[in-house]
Amino acid sequence: MLGNTSDRQRIAQQRLRIIAGHLQGPVDGDSAILAAECKAQGSKTDVCREGKTVPRRRQEIMKWNGWGYSDSKFLFNKKGQAEFTGKRYRLSGMIIPGLKDWMEGTFGANLQHKTPATPLLTSSAVQPATLNKAFLEELKSTGIPFSHDAEDRVFRAHGHCLHEIFALREGKFGRVPDMVVWPNCHNDVVKIVELACKHNVCVIPYGGGTSVSSALECPPEETRSIVSLDTSQMNRILWIDEKNLTAHVEAGIVGQDLERLLNESGYCTGHEPDSMEFSSLGGWVATRASGMKKNIYGNIEDLVIHIRMVTPRGVIEKSCQGPRMSTGPDIHHFIMGSEGTLGVVTEVTMKIRPMPEYQKYGSVVFPNFEQGVACLREVAKQRCAPASIRLMDNEQFKFGHALKPQVSSIFTSFLDGLKTFYITKFKGFDPNRLCVATLLFEGDREKVLQHEKQVYDIAAKFGGLAAGEDNGQRGYMLTFVIAYLRDLGMDYYVIGESFETSVPWDRVLDICRNVKARIIQECKDKGVQFPPLSTCRVTQTYDTGACVYFYFAFNYRGLSDPVHVYEQVEHAAREEILANGGSLSHHHGVGKLRKEWMRDTVSNVGVGMLKSVKDYVDPDNIFGNRNLL
Amino acid sequence: MATEAIYPHRDPMLKKRDDFEDMLEERRNSSDLRYALRCYTPVLYKGLAPCKASMLKSMVLQSDQLHHVIGQVSRETGRAADDVQEEASAILEEMAHCLQLSTVRFFAFTLSKVFKTLFRSICVNEEGIQRLQQAIQEHPVVLLPSHRSYMDFLLMSYILYTYDIALPVIAAGMDFMGMKFVGEMLRMSGAFFIRRSFGGDKLYWSVFSEYVKTMLKNGFAPVEFFLEGTRSRTSKSLTPKLGLLNIVMDPYLKGEVYDINVVPVSISYERILEEALYAREMLGVPKPKESTSGLFKARKVLSEDYGSIHVYFGQPVSVRSLAQGRVNRCQFNLVPRHIPRRPSEEIQSFVNDSAYRLVRAQEENMVLKPWVLLASLLLQNHHQDQTAGQKRGMVLEELTAQAVWLRDMFREYGAFLHWPDHVPPSEVVSSSLSLHRGLVRVCEGRVQLAVEQGGQVKPGEPHSTVTPEEELLSQAVIVLSCASYRNQGLHVFLRPALLASAINAASSNLKQEVFNSFSFLRNMFSNEFILCPGATVQDFEEACYLLVKTGALQVTQQELLVTERGQRTVAFLTSMLDPFLQGYQVVCRFLCEEATENLTEKQFVPAVRKFIIKHLLAGRLRYTEVLSSDLQKNSLAALLRLGAVQKIKAAEQGTLKVNKVMVNSLEDTLGGRLPTQKAVGARL
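Fair warning: this is a prediction, and the values are worked out from it, not measured in the lab.

Caption draft 1: Structural detail: the overall build of chain A. The helix and strand tally for chain A stands at 20 helices and 21 strands. The C-alpha atoms of chain A give a radius of gyration of 24 Å, which matches the 25 Å a tight globule of 629 residues would have. Sequence-distant contacts, at least 24 apart, represent 78% of the contacts inside chain A between residues at least 6 apart. Only carbon and sulfur atoms are counted for the fraction: they give 53% of the accessible area of chain A, which is about 25100 Å². When the 75 basic and 73 acidic side-chain charges of chain A are each reduced to a single mean position, those positions are 2 Å apart.

Caption draft 2: Structural view of the nonpolar core. Core analysis: the largest hydrophobic core is formed by 160 residues, its most contacted members being Phe-313, Trp-371, Leu-499, Leu-591 and Phe-604 of chain B. Ranked by residue count, the leading element in this core is helix H23 (residues 566-593) of chain B, at 14 residues. With residues near it in sequence (within four places) discarded, Phe-313 of chain B still touches Val-124, Asn-125, Gly-128, Ile-129, Arg-131, Leu-132, Met-156, Ile-159, Leu-160, Pro-264 and Val-265 of chain B. With 99 residues, the next largest nonpolar core counts Met-103, Val-154, Phe-166 and Val-548 of chain A among its residues.

Caption draft 3: Main features of the state of the cysteines. By the definition in use, this model includes zero disulfides over all chains. Just so you know, Cys-161 of chain A is unpaired, no disulfide at all, and the nearest cysteine sulfur is the one on Cys-218 of chain A, 14 Å from it.

Caption draft 4: Quick look at empty space enclosed by the protein. Residues and elements named next belong to chain B. Per the counting criterion, the structure on display carries 15 cavities of 30 Å³ or more. The space that makes up the second largest cavity amounts to roughly 200 Å³. Lining the second largest cavity are 20 residues; nearest its centre among them are Ser-235, Lys-236, Asn-487, Gln-488 and His-491. Contributing elements (two or more residues each) for the lining of the second largest cavity: strand S8 (261-269), helix H19 (468-488) and helix H20 (490-505). Summarising the domain contributions, the lining of the second largest cavity has at least three residues from each of domain 1 (51-364) and domain 3 (491-683).

Caption draft 5: Quick look at the packing of helix H4 (residues 64-77) of chain B against helix H5 (residues 81-95) of chain B. Residue and element names in this part refer to chain B. H5 packs onto H4 with a crossing angle of 125 degrees between their chain directions and a minimal axis gap of 9 Å. Between H4 and H5, the angle is such that the two are oblique. As for how H4 packs across H5, the hand of that crossing is right-handed. On the side of H4, the interface is formed by Leu-66, Ile-70, Val-73 and Ser-74, while H5 contributes Ala-81, Val-84, Gln-85 and Ala-88. A breakdown of the residues in the contact of H4 with H5 according to their chemical character gives six nonpolar, two polar and no charged.

Caption draft 6: Seen up close, the sheet that holds strand S12 (residues 440-443) of chain B. Residues and elements named next belong to chain B. An order of S11-S13-S12 is seen for the three strands of this open sheet, with the pairing classed as antiparallel. Where the open sheet ends on each side, the last strands, each with one partner, are strand S11 (394-395) and S12. Note: S11 against strand S13 (residues 446-449), two bridges, orientation antiparallel. Residue pairing in the sheet places Val-395 in a bridge with Arg-446 of S13.

Caption draft 7: Geometry of the domain arrangement of chain A. Residues and elements named next belong to chain A. Assigned domains within chain A: domain 1 (237-354) and domain 2 (358-580). Taking only C-alpha atoms, the centre of domain 1 and the centre of domain 2 are 29 Å apart. If you look at the interface, domain 1 gives 13 residues, while domain 2 gives 18 residues. Overall, the association of domain 1 and domain 2 removes approximately 1200 Å² of surface from exposure, summing both partners, and the carbon and sulfur fraction of that is 46%. Taken as a group, Asp-274, Met-292 and Asn-295 account for 48% of the area that domain 1 buries against domain 2, more than any other trio of residues on that side. Of the charged contacts in the structure, one is a salt bridge between Asp-274 and Arg-390, with a shortest N-O distance of 3.1 Å. Where domain 1 touches domain 2, the interface holds nine residue pairs in polar contact (both at pLDDT 80 or more). Partitioning the side of domain 1 that touches domain 2 into residue classes produces five nonpolar, four polar and four charged.

Caption draft 8: Quick look at helix H6 (residues 101-118) of chain B. Residues and elements named next belong to chain B. End to end, H6 covers 25 Å across 18 residues, agreeing with the expected 26 Å (1.5 Å per residue, within 8%). Residues Thr-103, Val-104, Arg-105, Phe-107, Ala-108, Leu-111, Ser-112, Phe-115 and Leu-118 constitute the buried set of H6. Lining the buried residues of H6 we find helix H1 (24-29), helix H2 (32-37), strand S3 (121-124), helix H8 (151-162) and helix H9 (180-188).

Caption draft 9: Expanded view of the packing of aromatic side chains. Residue and element names in this part refer to chain A. Within the structure shown, the criterion is met by 40 aromatic pairs over all chains. Pairing Trp-64 with Phe-173 gives two aromatic rings, centres 6.3 Å apart and planes at 45 degrees, and the pair type is tilted. In this pair, Trp-64 is assigned in the loop between helix H2 (38-42) and strand S1 (74-76) and Phe-173 in the loop between helix H6 (162-169) and strand S5 (179-181), connecting sequence segments 109 residues apart. Each of the two residues, Trp-64 as well as Phe-173, counts as buried. Ring centres of Phe-84 and Tyr-484 lie 5.4 Å apart, and the angle between their planes is 70 degrees; this geometry places the pair in the edge-to-face category. Within this pair, whereas Phe-84 is found in strand S2 (residues 82-84), its partner Tyr-484 is found in helix H17 (residues 469-491), the two being separated by 400 residues in sequence. When its relative accessible area of 0% is taken as the criterion, Phe-84 is described as buried. Assessed through its relative accessible area of 1%, Tyr-484 is described here as buried. Taking NZ or CZ as reference, Lys-294 lies 3.7 Å from the ring centre of Tyr-542, over its face. The residue whose ring lies beneath Lys-516 is Phe-369, and the NZ or CZ to ring-centre distance is 5.6 Å.

Caption draft 10: Seen up close, the UniProt feature "active site" (unreviewed entry) in chain A. All names here are of chain A. In the numbering adopted here, UniProt assigns the feature "active site" (unreviewed entry) to Tyr-549. Relative to the elements of secondary structure, Tyr-549 occurs in strand S21 (residues 545-555). Residue Tyr-549 is classed as buried on the basis of its relative accessible area, which comes to 8%. Not counting the four nearest positions on each side in its chain, Tyr-549 is found in contact with Asp-274, Ser-498, Phe-499, Glu-500, Thr-535, Cys-536, Arg-537, Thr-539, His-587 and His-588.

Caption draft 11: Geometry of the environment of Gly-266 of chain A. Residue and element names in this part refer to chain A. Locating Gly-266 in the fold gives a position in the loop between helix H8 (255-264) and strand S10 (267-268). Look at Gly-266 and you get partly exposed, because its relative accessible area is 30%. For Gly-266 and Glu-151, which are 115 residues apart along the polypeptide, the C-alpha to C-alpha distance reads 38 Å. Sequence-distant contacts of Gly-266, defined by excluding residues within four places in its chain, comprise Arg-353, Pro-354 and Met-355.

Caption draft 12: Examining the pattern of salt bridges more closely. Taken as a whole and judged by the stated rule, the model has 75 salt bridges over all chains. We note a salt bridge from Asp-257 of chain A to Arg-260 of chain A, for which the minimum N-O separation is 3.3 Å. Taken as a pair, Asp-257 of chain A and Arg-260 of chain A lie in helix H8 at a separation of three residues, close to a single helical turn. Of the residues examined, Arg-260 of chain A reaches a relative accessible area of 6% and is grouped as buried. Ionic pairing is found between Asp-393 of chain A and Lys-516 of chain A, a salt bridge with its closest N-O pair at 2.8 Å. Note that Asp-393 of chain A is positioned in the loop between strand S16 (388-392) and helix H14 (394-402) and Lys-516 of chain A in helix H18 (residues 508-525), a separation of 123 residues in sequence. Residue Asp-393 of chain A shares its accessibility class with Lys-516 of chain A, and that shared class is buried. Connected via shared salt-bridge partners are Arg-518, Glu-522, Lys-526 and Glu-576 of chain A together with Arg-320 and Arg-329 of chain B.

Caption draft 13: Representation of the interface of chain B and chain A in the model. In this assembly, 11 residues from chain B lie in contact with 13 residues from chain A. Carbon and sulfur atoms supply 33% of the area that chain B and chain A bury against each other, a total of about 1100 Å² over both sides. The largest contributions to the chain B side of the interface with chain A come from Tyr-258, Arg-329 and Arg-337 of chain B, which together make up 52% of the buried area. Where chain B touches chain A, the interface holds four salt bridges. Note that Asp-506 of chain A is salt-bridged to Arg-337 of chain B, the shortest N-O span being 3.4 Å.

Caption draft 14: Looking closely at unusual backbone geometry. Residues and elements named next belong to chain A. Within the chain, Ser-214 stands out as a residue other than glycine whose phi angle is a positive 60 degrees. On the secondary structure map, Ser-214 appears in the loop between strand S6 (202-206) and strand S7 (226-230). Its identity as a non-glycine residue notwithstanding, Arg-288 has a phi of 60 degrees, on the positive side. Arg-288 sits in the partly exposed class, given a relative accessible area of 33%.

Calculation notes
Residues numbered from 1 in each chain as written. Chains lettered and ligands numbered in written order. Predicted model: local features only at pLDDT ≥ 70, side-chain atom pairs only at ≥ 80, totals over all residues. Heavy atoms only, no water. Helix = DSSP H or I, 4+ residues; strand = E, 2+ residues; numbered from the N terminus. Rg over C-alpha atoms; globule rule 2.2 N^0.38 Å. Contact = heavy atoms within 4.5 Å. Areas by Shrake-Rupley, 256 points an atom, 1.4 Å probe, with all protein chains shown as cover. Lys, Arg positive; Asp, Glu negative; His and termini not counted. Charge placed at Lys NZ, Arg CZ, Asp CG, Glu CD. Core = buried A, V, L, I, M, F, W, Y, C linked by side-chain atoms within 4.5 Å. Buried < 20%, exposed > 50% of the residue type's maximum accessible area, 1.4 Å probe, protein only. Disulfide = S-S within 2.5 Å. 1 Å grid on protein atoms, 1.4 Å probe; cavity = no way out; pocket = protein on both sides within 12 Å on 5 of 7 lines; lining within 4 Å. Points joined across faces, edges and corners; volume = space filled by probe spheres on them. Domains from an automatic or database assignment. Axes fitted to C-alpha atoms, helices over the stretch in contact; angles between N-to-C directions. Parallel < 35°, antiparallel > 145°, perpendicular 65-115°, else oblique. Left-handed = near helix turned anticlockwise from the far one by under 90°. Nonpolar A, V, L, I, M, F, W, Y, C, P; charged D, E, K, R; others polar. Pairing = 2+ DSSP bridges. Buried area = accessible area lost by both parts, 1.4 Å probe. Salt bridge = Lys/Arg side-chain N within 4 Å of Asp/Glu carboxyl O. Polar contact = N/O pair within 3.5 Å; in protein donor to acceptor, adjacent residues only side chain to side chain. Expected span 1.5 Å × (residues − 1). Phe/Tyr/Trp six-rings, centres within 6.5 Å; stacked < 30°, edge-to-face > 60°. Lys NZ or Arg CZ within 6 Å of the ring centre and 35° of its normal. UniProt positions renumbered as here; feature names shortened; annotations may be inferred.

As structure tokens, this is what we get:
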């Protein structure tokens, strides 16, 4: 229990530490902010990159066929208990006693039935690189590092869609980039794009590699040499302007580094997408990303002040940093969401805020999902949403429960039992219907406490009961480990994925019900032998609607082509979303996965507009990843 | 006779249907009181938000949709919103049911008694009941029974109570409200009352649709209504009414529920309680207004034997799967869903097609008794006799032999025929005849329609006070009653019969010509029979398939040829349609010869009736059946649809403007005096 204050403070700081603390050892403050000129750096590209998460050779720290760090993963230990390895996360090194039962109960999975992944990447299975000699020669003369090593190329050939990871686990590779280049600064990118245009080479920008829209897949029909432009080494904060509260940052920086480095100066951006450990600033801009705390800080389009992008036509940027302009359609909106089809975002000026003084998690239990949604709607109406407010449905609540680590004291488990008793027996909540909202408050201590009271008062009107900070925090932790959990599932015949949409308030309940039911029905129709997990959460609130996140997973034993079945079900679920007034995507983007619905989404003229921009900016389709259109 | 194999599986092409169970059997063997008081715990919809009938009303009154309409009405009329709200509340009071288990138990008790005296058995397919039970748990359910008798909805609730299934709420016409006490009783057994017409009344429509949708969405109870809108007086299925179907499909189309299960229910009566009543009504004797005392007068029906009832609960139809690929639900994305809008054309045509499909599903599962065959044969014989002037009636053995022939044909066409195979055909025939002794009589070994009341009334006889017209009408009562039994089986060979008539009418055997002629007839009769819109080609192919399968027809690349052994079939089929053909022709002739400038719609039926009586008495018409006002109205509707007659809006009433050239040419085409091609051209 979170009885005393020191504990509470510890928890409050925990999240910041999760974000900041994935690297072991103390961070060297001096190396954090480098306002140095690019040229000065040119000669020492290989100097140690302390404080930076992503090395050029990603394989040094990350899995090649799964999510995240090599040292962190779920596994069932010799006793048959689930355990999370490594030391990076709060859950690391802990036993999770409920997970096995949950997996067996929810999916009908069995520890005896394993589907292990191919352990090693066999370079010989990778297509040989098609190199453009002339391009290569000129590139060498620029001194920009590059590689056509098979491992490097495979790493940049995929995002994290289920079918991509499934193929990797089976050791199958499709079309992969023919080489990887690591520009070190904006000018390097200008040079690379110039050369690519000159020699007609296809360029696919690569940031954090966390795409879930097939955006990084190389078009199989592409016959030109494909160059993956990895921005990960362009990861410096170039300057911080404390007067205007802005920071100018290279676009390759990943979320956790950006946040940590700013924190060292007492600032933050507050932009925290679920993938922030690995996703990059440029990627956020290119996909119109959304962060968990957007209620305070805004989504990426609210945070960006200035963008610099290198296109085949040259560099596009605005001439000043006015906070708002009336100068025709905002050119930033051609860039944001362009998904790498127009050019490479190299530098971004972003809003920054002083670090919050105080953070507090919270949670509310509702008797049912309907009440929960009604509460969230009211909170949105009164515009008093905390930094984050999420409503998990019953299935997801149980899922979160299954991830509770082993408790050390009998007292804690006794108290847990007492709480359960209070909610289900005394308050009469049906354990199979109740649902939980998780909350995160941020700001001045005073204001946070006041804000907290306001939100809990509203919740009470909808039958909500405060359910403690611990539940809330575990909810957010789930976000970071869920991708690891998918890898565990895949070891035991369970495949799954998440997808999202945004929808007007009056449709929220309908869309949740219908999409979940559609998934279950489609699984049945497609011959899935076990009942699937089909669950959702309302994960963001807006004035006029909400963002809804669906998780869907099933046990594929007995299916000959599970990925195909999976894709059919996901396709049907997306159709259901659209038929229920949901959007094609709230923040994941379109990529190639959802391209087929673009025309219906933005109308013929809309597609024509986007096409004509593409035709002008990139007439030779140098940025040929074929996303979006 | 607990379980009977209804259907011999002779043809693998034919559908498998469930077996029946007689639910009265148990009633005859155990206490009705205990049955009425037994524990009733139906399975409910899994998403049910439990709520009382009174809460339902406030949900309706507080709904966004009603709110919106109240605001609109208040702005348009300048009345205060509270005032309009009050009116809405009053409408709801008038409409709403107040389902009470105690009333249902009362009905369960009395109906048990009544049913046991009236009927030999009430047979229900229990597998259908199980499917329904399943369906109710999964999604909101709409029950769509066929409508042949007042009995229908009491019977439905009675069955559902017996099988422990959630009791439905039933949309009933306001006319029941006239019966004071009974109206309230029905209300307490789940009926809610709607006005017969409320065309322009926005508020009424809004209250009504919201009420139905609220009950449906919340899974409060299955919603039951009659797709045909009213009782069919002819035993033919009626063209479906779309209003309520539109309403119940709306929650699915707008995504408010995941799916809706629609369950067609086919109720077939061996003898219809209202048999003679219907015939009189169609002949112009007005229908008695529903009143409680009238109901008691009807008590004498209690002493008669009405045979058995078969109730078949069809396969639940998922609205979602019906709409798959037909309706783009995104059309509701851009306007708030609670603002009422006219359904788009896409939706209108979807609902219309679905309605036809559902009525056909009802038809397919209608159980046909041997009497249906006998009535068809006797009617044909009756009319042949009239013209040939032979001895009246059919020799019993001949009738039996023909019935067996017809039985086999029915079966080959996939009819759901309930012919007991373990009983010799002669017994089957005689037991059927005795059940319907009001309509047929056997004299000197010959079976004939009981058209002569109380002995032969010879025209010249001095003591006769009966005018020839009265005699004609009383004969017509018998003929129309018989025709209604024949009609029960019409749907089975409607398509082959249209084809047979088309072959007869076409000037050659060329496939194209026969098709043109088929298509003309089909189009002409699409107000008369259930013919799915836009399915001409499928219907033609189905007809060809059935006739070829039974060896009556040969189809070559170019031609359709009736085989030697097919002559009898084709002759039978043609004469099935003949009365209808003649009816439409005579209506056309009337319009050409007698219609005046200011003939109103209201005057039409009496005027055409007079015209027909004149011709019948003069012996210029063969079929007494054409006196049916149903047929006359249908033919007028067809002519209006084809544009041969136009309705001119006048101050009081619409008058009918006749395009005589067109009507004339339609008549000639119907009579086979004009090739179809030209008629088709004339229509365009």
